[in-house]
Amino acid sequence: MPLGVPERKSNSMASSTLISDTEPWKDLKGHVEEIKETHLRDLMDDSTRCKSMMVEFDGILLDYSRQRIYQDTMEKLFRLAEAARLKQKIDSMYSGEHINVTENRSVLHVALRAPRDKVICSDGKNVVPDVWKVLDKISEFSERVRSGSWVGATGKALKDVIAVGIGGSFLGPLFVHAALQTDPEAMECARARQLRFLANVDPVDVARSITGLNPETTLVIVVSKTFTTAETMLNAQSLREWISTALGPQAVAKHMVAVSTNLTLVEKFGIDPKNAFAFWDWVGGRYSVCSAVGVLPLSLQYGFSVVHKFLKGAASIDDHFHSTPFEKNIPVLLGLLSVWNVSFFGYPARAILPYSQALEKFAPHIQQVSMESNGKGVSIDGLPLPFEAGEIDFGEPGTNGQHSFYQLIHQGRVIPCDFIGVVKSQQPVYLKGEMVSNHDELMSNFFAQPDALAYGKTPEQLLRENVPNHLIPHKTFPGNRPSLSLLLPSLNAYNIGQLLAIYEHRIAVEGFIWGINSFDQWGVELGKSLASQVRKQLHLSRAKGEPVEGFNFSTTTLITKYLEAQSG
Ligand code: F6P
């Protein structure tokens, strides 16, 4: 047994077998070789097959017919799910079992959007009343700020908010804010308010976050699960300084609030715990957008009722995921297809391509949720994985991406794509008398790209078009490139919640199948501790002139050069 591999505990996540040692996995290994013989354009000819690969739930249509699968591939993937005990693992998550075994925690972000009357327990305690206590507090507080009954130190209403946080304490709220910004109902509720984010410790980001704002009318929310993250703490101190320099130290109480699981450190920082909004260790940072992490800033901007719709959308998918048979279960289907693409075809990446500018921050958010969750090298039992887990997620809204990286996707590497489209635009479409509106133009590309990837263009077609011989290799599209399409009815707060939960659960499904712990993130620690050594060195060299030591030649040279150039 490798060093440090613990004895297996009795936990529904533990397994005596790696998934790659099971019969269904080996069966799929053989099956993929057969499929490699068949081009997607031939698979797409079979409309019975295509029809069987469409699923609808609550207004959302998933079409996965452009995946490189036969009709019986899904059966084989369901057998893989059974071997991985997927159903039991999903149930364990919902029942509050400590499935995050390395941190000994439940994983209950589903409780954050549960209705008041639902019972979801962690360690024998129903957590839903605690969730609603905080939601009610946010609703009341945000209304006071929005209505001007909570005022700043000089008696002025607080119309602008800066949310200071990084990673999971930033990316999810940013995605939802960007998506709501042009939703008519949310716009109406936002009135003249502004919501900004400060994430990067770069002083440039600090400057950008406050430029044009008046401390008298600004509320700062410090968002940090641990309240120890170096970047967030430094940025919070910078904004505290900005407020107290302008308005005096006593103004901090009126202009700074916090969201954290660590209320002791919040108080130590100088924020009144009465103005702190709690969440719990059973909420992973990257799964925290439905906690006060997202709900507070978004409610201040758009009002609680809009945010409540977002929570309801996520809750609808939570129920669907928990109770729908796998054949019709959107997150399960998506998760299994991702495993298929990564582990059997060996495609390392996935492109997230929303044909919606409002979803411009969706890919960066999912990038964290996915890559921090599933970028693991060992099984949940600590055994090295004999296969690669996780995928490289990236993306941009269409059609912008088409004019950037699609060349590689069409004729270079094979990257499975998620196309996300919206039936009804958030905004009015102009040019009604013309052939197509802006939205039709956008959606024409959404419909066309998956076929371009699947079918490609053959040399024979090009010859028929009289393309000169020397250009034929350059103009040939190999096709056979998988994608899936998700069509949403519209993009309001409810649909945004649905989309979020679909991806959160899809990522969990992938991790459950691979047999890894998708809910810890030890891989971020080493860099943090090395940065802390450098931080100490910079301080010692500056304050006491001490030489740079304790690092390798390369790092020593770089740090020395930095210090010399700065003091010169
Ligand atoms: O990057 C690592 C990480 O721990 C993320 O998982 C987390 O979302 C982020 O840092 C911020 O952490 P915190 O909310 O504790 O400041």
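These numbers come from a predicted model, not from an experiment.

Let us now look at the site of the ligand. Looking at the ligand, there are 14 residues lining it, with S169, S224, T226, T229 and E372 nearest. S169 is positioned with one of its side-chain polar atoms (N or O) 2.6 Å from an oxygen atom of the ligand. Contacts to the ligand include T229, whose side-chain N or O atom sits 2.5 Å from an oxygen atom. Here the ligand loses 87% of its free accessible area of 390 Å² to cover by the protein chains. Comparing atom positions with the cavity grids shows the ligand to sit within the largest pocket.

Another point: the packing of helix α6 (residues 128-147) against helix α13 (residues 292-302). Following both chains from N to C, one finds α6 and α13 inclined at 30°, their axes separated by 8 Å at the closest point. Taken together, the axes of α6 and α13 are roughly parallel relative to one another. Read as a crossing pair, α6 and α13 show a hand that is right-handed. Contacts from V134, L135, I138, F141, S142, V145 and R146 in α6 reach A292, V295, L296, S299, L300, Q301 and Y302 in α13. Classifying every residue of the contact of α6 with α13 gives 10 nonpolar, three polar and one charged.

Within an α-helix, residues lying three or four positions from one another point in the same direction, as the helix has 3.6 residues per turn. With 13 residues, helix α16 (residues 362-374) ought to run about 18 Å at 1.5 Å a step, and its terminal C-alpha atoms sit 18 Å apart, in line with that. Within α16 the residues assigned to the buried category are F362, A363, H365, I366, Q368, V369, S370, S373 and N374. As for α16, its buried residues are in contact with α7 (171-180), β10 (349-354), β11 (392-394), β12 (417-422) and α21 (493-514).

Our next topic: a negative patch on the surface. There is a patch of like negative charges on the surface, built from E34, E37, D72, E75 and E327. Relative to the helices and strands, E34 resides in helix α1 (residues 23-35). With relative accessibility at 45%, the residue E34 sits in the partly exposed group.

The next subject is the pairing of strand β2 (residues 60-63). As paired elements, strand β1 (residues 54-57) and β2 share four bridges and run antiparallel to each other. Residue F57 lies in a different strand from β2, and its bridge partner there is I60.

The next thing to look at is the sheet that holds strand β9 (residues 276-278). Taken together, the five strands give an open sheet; going across it, the order is β6-β5-β7-β8-β9, and neighbouring strands pair in parallel fashion. Since the sheet does not close on itself, it has two edges, and those belong to β6 (194-198) and β9, each with one partner. Each neighbouring strand pair of the sheet contributes to a mean axis angle of 20°, computed without reference to strand direction. Across the sheet, α6 lies against β7 (218-223), β8 (256-260) and β9, angled at about 150° from β9, the strand it touches most. Its contacts with the sheet place α13 against β5 (160-164), β6, β7, β8 and β9, and it is angled at close to 170° to β7.

We now examine the packing of aromatic side chains. For any two aromatic rings, the description comes down to two numbers: the centre-to-centre distance and the angle of the planes. Within this structure, the stated rule accounts for 20 aromatic pairs. With 5.0 Å between their ring centres and 75° between their planes, F141 and W150 make a pair best called edge-to-face. Like W150, F141 is buried. For the ring pair F446 and F447, a centre distance of 5.2 Å and an interplane angle of 70° mean the geometry is edge-to-face. Here F447 falls in the partly exposed class, since its relative accessible area comes to 48%.

Within the secondary structure, A199 is located in the loop between β6 and α9 (203-210). Each C-alpha atom, one on A199 and one on E231, is 7.6 Å from the other, the two residues being 32 residues apart in sequence. Apart from the residues within four sequence positions on either side, A199 is in contact with G165, I166, F170, D205, E231 and N235.

Reading the values: the criteria
Residue numbers restart at each chain and count upward from 1, following the sequence in its written direction. Residue-level local features of this predicted model are given only where pLDDT is at least 70; pairs of side-chain atoms are given and counted only at 80 or more, and the full residue set underlies all totals for whole chains, interfaces and linings. Only hydrogens and water are set aside when side-chain values are computed; all heavy atoms of the structure are taken into account. Any residue with a heavy atom lying within 4 Å of a molecule or strand is counted as near it. Two N or O atoms form a polar contact when they lie within 3.5 Å of each other; inside protein one atom must be a possible hydrogen donor and the other a possible acceptor, and for residues adjacent in sequence the pair counts only when both atoms belong to side chains. Every accessible area reported is derived by Shrake-Rupley at a probe size of 1.4 Å, with residue values counting cover from the shown protein chains alone. Put simply, the grid is 1 Å and covers the protein atoms alone, a cavity is a trapped set of points that fit a 1.4 Å probe, a pocket is an open set with protein on both sides within 12 Å along at least five of seven lines, and lining residues have an atom within 4 Å of a point. Assignment of a molecule to a cavity or pocket requires that more than half of its atoms lie within 2 Å of the corresponding grid points. Between N-to-C directions, angles cover 0 to 180 degrees, with each direction set by a line fitted to C-alpha atoms, over the stretch in contact for helices. In DSSP terms, a helix is any run of H or I states spanning at least four residues, a strand is any run of E spanning at least two, and both are numbered starting from the N terminus. Each angle gets one of four labels, with under 35 degrees taken as roughly parallel, over 145 as roughly antiparallel, 65 to 115 as roughly perpendicular, and the rest as oblique. Each crossing gets its hand from how the near helix is turned against the far one by less than a right angle, where anticlockwise is left-handed and clockwise is right-handed. Contact between two residues is taken to exist if any of their heavy atoms lie within 4.5 Å; hydrogens are not considered. Three categories are distinguished: nonpolar for Ala, Val, Leu, Ile, Met, Phe, Trp, Tyr, Cys and Pro, charged for Asp, Glu, Lys and Arg, and polar for the others, with Gly belonging to the last. By definition here, a helix of n residues has an expected span of 1.5 Å times n minus one. Whether a residue is buried, partly exposed or exposed follows from its accessible area with a 1.4 Å probe, protein chains only, as a fraction of its type maximum: under 20%, in between, or over 50%, in that order. Patches here are clusters of residues that have more than 30% relative accessible area and form no salt bridge, with a 9 Å joining cutoff for like charges and a 5 Å cutoff for nonpolar side chains (Val, Leu, Ile, Met, Phe, Trp, Tyr). By definition, a salt bridge exists where a carboxyl oxygen of Asp or Glu is found within 4 Å of a side-chain nitrogen of Lys or Arg. His is not counted, nor are the chain ends; Lys and Arg add positive charge and Asp and Glu add negative charge. The atoms used to mark charge sites are NZ of Lys, CZ of Arg, CG of Asp and CD of Glu. At least two bridges found by DSSP between two strands is the condition for calling them paired. Only the six-membered ring of Trp is used, alongside the rings of Phe and Tyr, when aromatic pairs are assigned; centres must lie within 6.5 Å, and planes under 30 degrees apart are stacked while those over 60 apart are edge-to-face, with the rest tilted.

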